[in-house]
Amino acid sequence: GLWFWWGVGGGGKKTGSLVYSFSKEGSDGDASMKAFLGGKGANLAEMSKLGLSVPPGFTISTEVCAEYIAGGNKLPPGAWEEVTAALKKVEGHMKMKMGDPSAPLLVSVRSGAAVSMPGMMDTVLNLGLNDEVVEGLAKITNERFAYDSYRRLLDMYGDVVMGVHHSLFEEALEELKEKKGVYNDNELSAADLKELITAYKDVYKKEGKTFPTKPEDQLMGAIDAVFASWDSPRAVAYRSINGIKGLLGTAVTVQSMVFGNLGPTSGTGVLFSRNPSTGENKLYGEYLIDAQGEDVVAGIRTPDPISTLQEVMPDAYKELLENVEKLESHYKDMQDIEFTIQDRKLFMLQCRNGKRTGPSAVKIAVDMYKEGLITKDEAIDKVDASHLDQLLHPQFASEAAYKDRVIGKGLPASPGAAVGQIVFTPEEAEAFKAQGGAAILVRAETSPEDVSGMHAAEGILTNRGGMTSHAAVVARGWGKTCVSGCQELSVNDRAKTMELGGKTYQTGDWLSLNGNTGEVIEGREALAPPTISGDLGTFMGWVDERRNVKVFTNADTPEDAAEARRNGAEGIGLVRTEHMFFASDERLMAVREMVMAETVEQRKKALSKLLPFQRSDFEGIFKAMDGCTVTIRLLDPPLHEFLPNGEMKDVCNMMATELGMSVGAVTEKIAKLSEVNPMLGLRGCRLGIVHPEISEMQARAIMEAALAVKKAGHTPVPDIMVPLVGSVKELEHQSNLVRRVAEEVFREQGDRVNFRVGTMIEIPRAALIAGEIAKVADFFSFGTNDLTQMTYGFSRDDVGTFLPTFLTEGILPKDPFQVLDTEGVGQLIKMAVKNGRAANPDLKCGICGEHGGDPESIEFVCGVGLDYVSCSPFRVPIARLAAAQSAIKAEKAGK
């Protein structure tokens, strides 16, 4: 509509554009005007348009807020006149007048921005009461109600508008209740409430304030307060935490009050049009007779279930059902509704799309499609990545049950719920698992050598590290619950104890972790297991029909590969061969022997011990992924990562004993291996060029495994990936080596398999010369973790020291290791795909960094034309959903 251009361009005429009226008879605004009317105002306008029983009122637009703040907290000219005119309309509809004791109109003043911000902006109810009006109201309704409404107004107005703290009114109320010997607020008589009003006025006096008696002054003050609250520290903090930017401000909605507390034929309630926990298509909610809205939410009295309203007020219930139908078929979503019944007449106060759990989101989406309410595409858009996340991890049966046993809180680094016994070393975690027990691994921080213990544990708790720390990334990949950066936690590895919440715990004590909230809970909490139910199966079927991008997985073991296949993976985009070396002591010994080797002969001898391990691992993975692509990355990390952690002296002694070398020789060799900056040192393809025997062993293991699996009647599809390539020559060297070894193996065995050789694009230079590299590569896989690290020049392991500041100061919009930086790193990917495909039209392109499982990043890479995304096994369903949603979005944008 037309309203838009003056709103954005600032030109055009302003008449009638500051205040929008609404009532059951119709409205000036509608749902599309969220940016100007805020979520609440736009919804009320829309509900009025649908002919729902909405109490009449008007909304002052967010533009007025912007001008108010820009003008040094003053209303722009003309705004107050429009407010007065709109108020006159409301008085006409309600046949009542503000400040008239014989027919007093009371209004509520609420805030509402375009994005809902819980608890940010404050509400004032019962505006328009003063000493005269309250007596008039008492005559029409009842005395107790009138004085109760007045004392509530004094309290709220003081707190929200005049800066007189709510607790001061609370104290006066408690004092009076004690004096009268009553426990509940509603036991106070009308006479008691009059006393309370006098006490409340004294609170104002003590604070040097006076309550405005003229209703228009009250209204003016309340509007000011809402606009000013837009810049309150709470609101500013909420917006920055949730990354909400670019809003004009808040709107103010002024609405006539309707009363649920006029006696037994009035009431108030809150309801969901379907069950928000299970998704069942049945009204879910509760109401209170003879009560005001906040009584239901405040939980002071226990409400009745909504189904009983049918007996109490059948007409109102019937109208409520009709309204719910209208709302659901209009908004095409489950609604969260607040309503009041005033003297048997139903009023709808507000509605919004209801928040729901994962299981409920899927059921509602599938049901609504089956009911013909929404299309399949709309159903796919109804479910959020976080909903699927919930469905794929075990959750606590009840989060309320353990609240008094929460002993600490960290960052919710990896979702789900975990229960187990405390262990302090990876070995203990493995021992627990081997005996069928459940362990929670507690570390100050984790390192790559802990991975076997992390895999064996049910959950991981660390004192240091953020949402992208080693522990967090590995745990998310495996779907392990992890709470990281729990700062109050202190771990004593020597004594094997941990302190948290003022208590000391030791090995074997039970602990529960909530990876969705970051809570650490003492003792064993009951779990509800994840299920891929009928609805989820149906839903994921629709998702797969819609996406144009394949979803692969990052898996290092046959078990991970099988798990990912169950989750719908269509191939493996990354096998990290080094992870296999940590799997057992025997393997680690052989790797360390290779690392410490002085001559090529010694190194080859150690590698020949590793070959059978590698081969059997690859066989297992090829079998699990029968007929699907398996992309195997050659050895990537610097060699020193395979050495034990700890004091140099201890490490040298241990290695000397282990390998039968002298301590001096070990010390000298480790000194040779040590690098100033190992992440940019001898690793990736550089390792395979300096020590070609390493790549040769790996190529042989892959080809021998592929042929063995082929003999057994399976179809292996190996893709061999050369890591960390920055020049064409590096890839040529490694590619020729792999092809040479493959031919040797094929000759020996008298059989062959098809394979491809490609590269990881993780060094910015590789992206810049992608056109040249593509002539040698069969495929590109974007390793966005390293590519982000090198493009920004951020060390991923040290980013915790400055990233939090960068995020709070708005220097970076998001953590680039979690959400792909589309402006920088994304442009390198886009360019590499374009130039790569120009040089080699058959080039297959994918992404295998952490970002492969992040919905925002997936949307970007789908748009760039990648063939697949690869993510950890547990994130596969989420990636499938994100790929479908991005296809739907792109199609809409194309239209």
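Conventions we followed
Residues numbered from 1 in each chain as written. Predicted model: local features only at pLDDT ≥ 70, side-chain atom pairs only at ≥ 80, totals over all residues. Heavy atoms only, no water. Phe/Tyr/Trp six-rings, centres within 6.5 Å; stacked < 30°, edge-to-face > 60°. Helix = DSSP H or I, 4+ residues; strand = E, 2+ residues; numbered from the N terminus. Buried < 20%, exposed > 50% of the residue type's maximum accessible area, 1.4 Å probe, protein only. Lys NZ or Arg CZ within 6 Å of the ring centre and 35° of its normal. Patch = residues over 30% accessible without salt bridge, like charges linked within 9 Å, V, L, I, M, F, W, Y side chains within 5 Å. Areas by Shrake-Rupley, 256 points an atom, 1.4 Å probe, with all protein chains shown as cover. Salt bridge = Lys/Arg side-chain N within 4 Å of Asp/Glu carboxyl O. Lys, Arg positive; Asp, Glu negative; His and termini not counted. Charge placed at Lys NZ, Arg CZ, Asp CG, Glu CD. Disulfide = S-S within 2.5 Å. Core = buried A, V, L, I, M, F, W, Y, C linked by side-chain atoms within 4.5 Å. Contact = heavy atoms within 4.5 Å. Pairing = 2+ DSSP bridges. Axes fitted to C-alpha atoms, helices over the stretch in contact; angles between N-to-C directions. 1 Å grid on protein atoms, 1.4 Å probe; cavity = no way out; pocket = protein on both sides within 12 Å on 5 of 7 lines; lining within 4 Å. Points joined across faces, edges and corners; volume = space filled by probe spheres on them. Nonpolar A, V, L, I, M, F, W, Y, C, P; charged D, E, K, R; others polar.

1. Quick notes on the packing of aromatic side chains
For step 1, the next point in the chain: Enumeration according to the criterion identifies 18 aromatic pairs in this entry.
For step 2, the next point in the chain: Taken together, a centroid distance of 5.7 Å and an interplanar angle of 35° make the contact between Phe582 and Phe642 tilted. Of this pair, Phe582 sits in the loop between α22 (577-581) and α23 (585-596) while Phe642 sits in the loop between β27 (629-633) and α25 (648-659), placing them 60 residues apart in sequence.
For step 3, the next point in the chain: For Phe582, a relative accessible area of 10% translates into the label buried.
For step 4, the next point in the chain: Each member of the aromatic cluster is reached from another via a ring pair, and the members are Tyr150, Tyr157, Phe169, Tyr200, Tyr204 and Phe211.
For step 5, the next point in the chain: The residue whose ring lies beneath Lys345 is Phe347, and the NZ or CZ to ring-centre distance is 4.6 Å.
For step 6, the next point in the chain: The ring of Phe779 carries Lys844 above its face, with NZ or CZ at 5.3 Å from the centroid.

2. Thoughts on a negative patch on the surface
For step 1, the next point in the chain: A cluster of acidic residues, Glu170, Glu171, Glu175 and Glu178, forms a negative patch at the surface.
For step 2, the next point in the chain: Its place among the elements puts Glu178 in helix α7 (residues 166-180).

3. Some details on the state of the cysteines
For step 1, the next point in the chain: Applying the stated criterion to the full structure yields zero disulfides.
For step 2, the next point in the chain: Just so you know, Cys486 is unpaired, no disulfide at all, and the nearest cysteine sulfur is the one on Cys482, 11 Å from it.

4. Quick look at the nonpolar core
For step 1, the next point in the chain: Within the largest apolar cluster, 115 residues are counted, with the highest numbers of intra-cluster contacts made by Val595, Phe618, Phe622, Phe780 and Phe782.
For step 2, the next point in the chain: Element by element, the count of residues in this core is highest for helix α28 (residues 692-711), at 10 residues.
For step 3, the next point in the chain: In this structure Val595 touches Leu639, Phe642, Leu643, Lys669 and Leu673, once residues within four positions along its chain are discounted.

5. Regarding the sheet that holds strand β19 (residues 490-492)
For step 1, the next point in the chain: Strands sit in the order β19-β20-β21 across an open sheet of three strands; the sheet is antiparallel. The sheet terminates laterally at β19 and β21 (503-506), the two strands that pair on one side only. With strand direction ignored, the average angle separating the axes of adjacent strands in the sheet is 25°.
For step 2, the next point in the chain: Here strand β20 (residues 497-500) pairs with β21 via four bridges, running antiparallel. The residue of β21 that forms the bridge with Thr497 is Gln506.

6. Some words on unusual backbone geometry
For step 1, the next point in the chain: Notably, Asn73 is not glycine yet its phi reads approximately 60°, a positive angle.
For step 2, the next point in the chain: Looking at where Asn73 falls in the secondary structure, it is placed in the loop between α3 (62-70) and α4 (79-94).
For step 3, the next point in the chain: Asn73 sits in the partly exposed class, given a relative accessible area of 40%.
For step 4, the next point in the chain: At Leu724, a position not held by glycine, the phi torsion is positive, near 60°.
For step 5, the next point in the chain: Accessibility expressed as a relative area gives 0% for Leu724, which makes it buried.

7. Some remarks on empty space enclosed by the protein
For step 1, the next point in the chain: Within this structure, the stated rule accounts for three cavities of 30 Å³ or more.
For step 2, the next point in the chain: Here the largest cavity is characterised by a volume of approximately 80 Å³.
For step 3, the next point in the chain: Lining the largest cavity are Lys40, Leu44, Ser108, Arg110, Thr253, Gln255, Glu338, Leu349 and Gln350.
For step 4, the next point in the chain: For the lining of the largest cavity, the elements supplying multiple residues, two or more each, are α2 (34-49), β4 (107-112), β6 (251-256) and β11 (345-353).
For step 5, the next point in the chain: Taken together, the residues of the lining of the largest cavity break down into two nonpolar, four polar and three charged.
For step 6, the next point in the chain: Of the pockets and cavities examined, the second largest cavity occupies roughly 40 Å³.
For step 7, the next point in the chain: As for the second largest cavity, its lining consists of Leu634, Leu635, Gly684, Cys685, Leu687, Gly688, Ile694, Ser695, Gln698 and Gln734.
For step 8, the next point in the chain: Taken together, the residues that form the lining of the second largest cavity break down as five nonpolar, five polar and no charged.

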